[in-house]
Amino acid sequence: MAPKSPQSRRKKPTPGKKKRKPVLPANEEEEPVNMESMGHPEIYPLVLTTKTQEIFNCRIDEDFTDEMPYKIIKKEDIFEDLRNRAAVSDFHPVKKVIQEYPGNELLLVYDKDFKYGLNFYIIGTEEGKENYLNASEVQEDQEEYKEFIPEEIYTYIPPVSKPWVSLGSEKEIEEESVKKSTKQVTYMISRKRSEFGAPITFRDQNASSVKDAYIECTAYPDKNFTLKQLEKNVGMQAVPQVQDTSTQTKWTYPKNASTQYYAREFSEEEKERLGQSKSLTDFLNNVSTSVEIALQQNEITNLFIDDWKSLAEEEGTFGDKTNTHLKEYQSFTDLHSQMEKMITCVSWHPTIYGLIVVSVAVRLSFEERVHFSGRLLLQPSLILFWSFSDPIHPQLMLESPDDIFCFKFCPSDPNIIAGGCINGQIVLWDITTYADRIESTKADGGGNKKTTLKPMFLLEPDGNKEATYIRHCAVSSIESGHRSVITDIHWLADTFEINRFGSVFENRNEICCQLVTCSADCTICFWDIRPLKTLTPTLPTEKKKEESIEIPFDVPSTFLHLDLSWKPLTRIKLSKGETNLDHCPTKISLSEEQLLYKISDKLLDQTKVTEVNLYHNLEAGLANLLKPIDDFCTKFFVGTEEGEVIYTDWKMEKDPDTGRMMAKKPKSLYSVHDGPVHTVQRSPFYNDIILTVGGWNVAIWKEGVMSGPLLQTCCAAKRYTAGHWSLTRPGVFYIGREDGYIDVWDLLEKTHEPAQSQNICITMITYIEPWTFSAKQQFIAIADYYGTLHILEIPWTLSHPSTNEVSSVNYYFEREVKHLEYVEQRRSIREQEKKEMELEMEKRKHKTHHKSKEQMEAELKMDYESYLELEKITLIGLGLAKASETSHMEMM
């Protein structure tokens, strides 16, 4: 028998068993694979399993690191592993290389990035081993002395073309390419030969009236036609062509040149010939009309208007909504206070830009104030002057006998400040002597309105300034003033003054000398800062008394005559009608003539040029005669603690029963808000439009419309706590909520809900005060319950009005007025109809009918006949009688 070949001796693999790697004879061993194609014939990649790594102590991330990615292995250890594990050894593919290696130690390198396809590779030559080790040492030396080696000049080395090495990508490209996989469909359309070249006539035809004229071709899936969608990834990169060009303008020597010309005129013969020309006459007659129209259009339309500018303005206001949120600019917090306080009132300085004033109060209830009354006496009640240049240290601090809940700058002199305390007293301050201290803020923060405010990190605060406390000049009498917290205060304008009966006269001093306050004690008081009587020659005894009074050196004597003796000029109570109770006012709003807070140019020039205090000689104008002002509006709006809005008059009238001067009854009263009213403010664009905020809703009113508010919002999810009109857009106003959000309303965009809502803080918002720094930059100050003042920058869309926005919002208000008039008219009509229906019902109820005996017998006979007719129809329908029998019975 002939010996079997090696192929015949192989057994077929049985299913379920692992197929072993075939063992080749010694003369047919596998040839080791090197990286000759990549330019490294001395490198042989191989795979080392975890078992092999443990045997040779070449574990990854333990024996091999980024700093030492190689290890030298003895040749004898590899042979011993080959003898023990034979073909299972990981070094079996490179057995031939190891046997032919001349040295005793081989270099094993860890290929972390799989540069050569596997996780390890060995170097099969001594030369390659020395090159690798020397290159590693040179690289370490270069990294160690890298900072001492000067940078070499980069030289461009053009790439060298290499032969194409196929890695199988052409197969992927072939698979991803799009090929026609669907069978083409061929259609054949035939026609009779007699119809070729025949004339065709088209006509209109109703498809639904003719049979088979309308055929609906609905879509259906065709099983014989399938379309496979193939995806194709395409990459493209556009590289622009760059070309450098330059030019040089040749400058010639300038020289003056002049010329003289004469007008070209027709001669007399040419003028006569043209005047008799028929073609010229026809031409003028044809174009005269169009020329006249063009001239009229030039007069009507402005040809020089910039259409692109107007278009950009419209888009920036309504179309561009990318930047509509308020942006945080700066914040102020009193870090030196020992007790937790909240901000009660905020006001920007009228003349110094970048200076904002806030009043703070302790966050305690009435019971807690009584409990901590002794501790509160040791804590000063302050009004803080903050500057953008120093957000940590206040510029000035005004002291008061108790916490201030409202204050206002004097329109005639911004150095005079009036504030209302929680105990019902009014406090006056005069900071004229400290004006130089905050003058630097005027120069840094906004001396020039055309500039833009710098961010807080670009300003340099003056850390050497010490805290300056300013005492009050005068405080009202606690026995004769308010008995509860003062909730609102206003200066009356310098154009008028009132007497104790509410009559209006011309202002004798021509400066603001009177105030109006409202308090939770249900009273509205008017105050006068001038002495009640003119000065008379003082007696020697009175001079001695005045000399005996010691005035502190740091307190101005401007209002010394009012200190602890100041009493209200007149007092008004808002009665609730037949009951003895009164309304509790929280906010008031006089007309724009009474609340003129714009500083005139005359006042600005006066503050710059002279330093004379206008309030040092208040007695000068008292000797002048009072001149009454006729047709002066003395009515004003009041918001109450119960959520009511009252329209009343401060002028008193004589009571016919007692003959005493009493306050007039309110003109109108509306219960709109379901909580205390926090804001009553007139629009800066419309003198007769008023915004009220209170409870869970907002209302807009028009003075003179007594039927109700023009706009009343639905109840919000959170309670409203503050509000303010926009200073530049007539249809925008800001509303603060108790959850720290601020709602921005835009009447031109939405009237049923806010245009946007933005979170400002985590607690209740207590006050909102916007401010215009320049035409390009506006800010809004938002105070919260935790005593932090947030300064936010108003975006372009909320600060710049669109074209004709004032007229558009005015048209909206007029339309709402007409709607209220229509509703009121329909209500009166319905009431009249209801009254008429009630009268008709009363007449029918009380009306008695007198009938005669003959009428009653006739009605009974008619009822009997109708009964017989019904009985006849019923019997015939049941089949119990016939029509002939019934007729016979009737005849009998």
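Residues numbered from 1 in each chain as written. Predicted model: local features only at pLDDT ≥ 70, side-chain atom pairs only at ≥ 80, totals over all residues. Heavy atoms only, no water.

S.K.: Outline the pairing of strand 18 (residues 514-519), supporting the account with residue identities and numerical values.
M.R.: The buried fraction of strand 18 amounts to six of the six residues, a majority that puts the element mostly inside the structure. Side chains of strand 18 alternate between two faces, with Gln 514, Val 516 and Cys 518 and Leu 515, Thr 517 and Ser 519 buried alike. The pairing of strand 15 (residues 486-491) with strand 18 spans five bridges and is antiparallel. By the bridge assignment for strand 18, Asp 488 is matched with Cys 518. With five bridges joining them, strand 18 and strand 19 (residues 523-528) adopt antiparallel strand pairing. Bridging across to strand 19, Thr 517 finds its partner in Cys 525. Counted along the chain from strand 18 to the antiparallel partner strand 19, the turn is three residues long, and its residue Cys 522 has a positive phi close to 70°. (Buried < 20%, exposed > 50% of the residue type's maximum accessible area, 1.4 Å probe, protein only. Helix = DSSP H or I, 4+ residues; strand = E, 2+ residues; numbered from the N terminus. Pairing = 2+ DSSP bridges.)

S.K.: Which residues make up the nonpolar core, and what values go with them?
M.R.: In this structure, Val 346, Ile 356, Phe 385, Leu 789 and Ile 791 are the most contacted members of the largest nonpolar core, which totals 42 residues. What Val 346 contacts, discounting residues up to four positions off in sequence, is Ile 356, Val 357, Val 358, Phe 407, Tyr 767, Glu 769, Ala 781, Ala 783 and Leu 789. (Core = buried A, V, L, I, M, F, W, Y, C linked by side-chain atoms within 4.5 Å. Contact = heavy atoms within 4.5 Å.)

S.K.: Pulling in residues and values, what's your account of the sheet that holds strand 22 (residues 635-640)?
M.R.: Strand pairing in a sheet relies on backbone hydrogen bonds. The paired strands run either parallel or antiparallel. Taken in spatial order, the four strands line up as 21-22-23-26 in an open sheet, and their pairing is antiparallel. Each edge of the open sheet carries a strand with a single partner, namely strand 21 (585-589) and strand 26 (668-671). Taking each pair of neighbouring strands and ignoring which way they run, the sheet shows an average axis angle of 20°. When strand 23 (residues 644-649) meets strand 26, the two strands line up antiparallel, connected through four bridges. Note that in strand 26 the partner of Tyr 647 across the bridge is Ser 668. (Axes fitted to C-alpha atoms, helices over the stretch in contact; angles between N-to-C directions.)

S.K.: Outline the side chain of Asp 521, supporting the account with residue identities and numerical values.
M.R.: Looking at the element boundaries, Asp 521 is found in the loop between strand 18 and strand 19. Within the structure, Asp 521 has its side chain in polar contact with the backbone nitrogen of Arg 483 (distance 2.9 Å). Among the polar contacts made by the side chain of Asp 521, one reaches the side chain of Thr 523 at a distance of 2.7 Å. The residues touching Asp 521, leaving out its near neighbours within four places in the chain, are His 482, Arg 483 and Ser 484. (Polar contact = N/O pair within 3.5 Å; in protein donor to acceptor, adjacent residues only side chain to side chain.)

S.K.: Describe the sheet that holds strand 37 (residues 788-793), listing the residues and the values that go with them.
M.R.: Reading across from one edge, 5-37-36-35 is the order of the four strands in this open sheet, with antiparallel pairing throughout. The outermost strands of the open sheet, each flanked by one partner alone, are strand 5 (327-333) and strand 35 (765-772). The average undirected angle you get between the axes of adjacent strands in this sheet is 20°. Both strand 36 (residues 778-784) and strand 37 contribute to a ladder of five bridges, which runs antiparallel. Looking across to strand 37, one finds that Ala 781 is bridged to Ile 791.

S.K.: Can you lay out a negative patch on the surface for me, pointing to particular residues and giving the numbers?
M.R.: Residues Glu 172, Glu 175, Glu 176 and Glu 231 make up a contiguous surface patch of negative charge. For Glu 175, the position within the fold is in helix 6 (residues 169-176). By relative accessible area, which is 65% here, Glu 175 ends up exposed. (Patch = residues over 30% accessible without salt bridge, like charges linked within 9 Å, V, L, I, M, F, W, Y side chains within 5 Å. Areas by Shrake-Rupley, 256 points an atom, 1.4 Å probe, with all protein chains shown as cover. Salt bridge = Lys/Arg side-chain N within 4 Å of Asp/Glu carboxyl O. Lys, Arg positive; Asp, Glu negative; His and termini not counted. Charge placed at Lys NZ, Arg CZ, Asp CG, Glu CD.)

S.K.: Could you give me a rundown of unusual backbone geometry, with the residues and numbers involved?
M.R.: A negative phi angle is the norm for most residues apart from glycine, just as the trans form is the norm for most peptide bonds. For Phe 114, which is not a glycine, the phi torsion comes out positive at approximately 55°. Considering the arrangement of structural elements, one finds Phe 114 in the loop between strand 3 (105-110) and strand 4 (120-123). Although it is not a glycine, Cys 522 adopts a positive phi angle of roughly 70°. Mapping Cys 522 onto the fold places it in the loop between strand 18 and strand 19. On the basis of relative accessibility, which here comes to 19%, the residue Cys 522 falls in the buried class.

S.K.: Account for the packing of aromatic side chains, naming residues and giving values.
M.R.: Scanning the entire structure with this criterion turns up 29 aromatic pairs. Counting every residue linked through ring pairs, the aromatic cluster contains Tyr 329, Phe 332, Trp 348, Tyr 353, Trp 386, Phe 388, Trp 771, Phe 773 and Phe 779. (Phe/Tyr/Trp six-rings, centres within 6.5 Å; stacked < 30°, edge-to-face > 60°.)

S.K.: An account of a nonpolar patch on the surface is needed here, citing residue identities and associated values.
M.R.: A contiguous nonpolar patch, built from Leu 280, Phe 283 and Leu 284 and spanning about 280 Å² of accessible area, is present on the exposed surface. As for its placement among the helices and strands, Leu 280 is situated in helix 8 (residues 278-300).

S.K.: Which residues make up the pattern of salt bridges, and what are the values?
M.R.: Two side chains carrying opposite charge are able to pair once their charged atoms lie near each other. Tallied over the full model, the rule gives 20 salt bridges. The shortest N-O distance in the salt bridge between Arg 85 and Asp 81 comes to 3.1 Å. One end of the pair, Arg 85, and the other, Asp 81, are both in helix 3 (residues 75-85), four residues apart, so they sit about a helical turn from each other. For Asp 81, a relative accessible area of 5% corresponds to the buried category.

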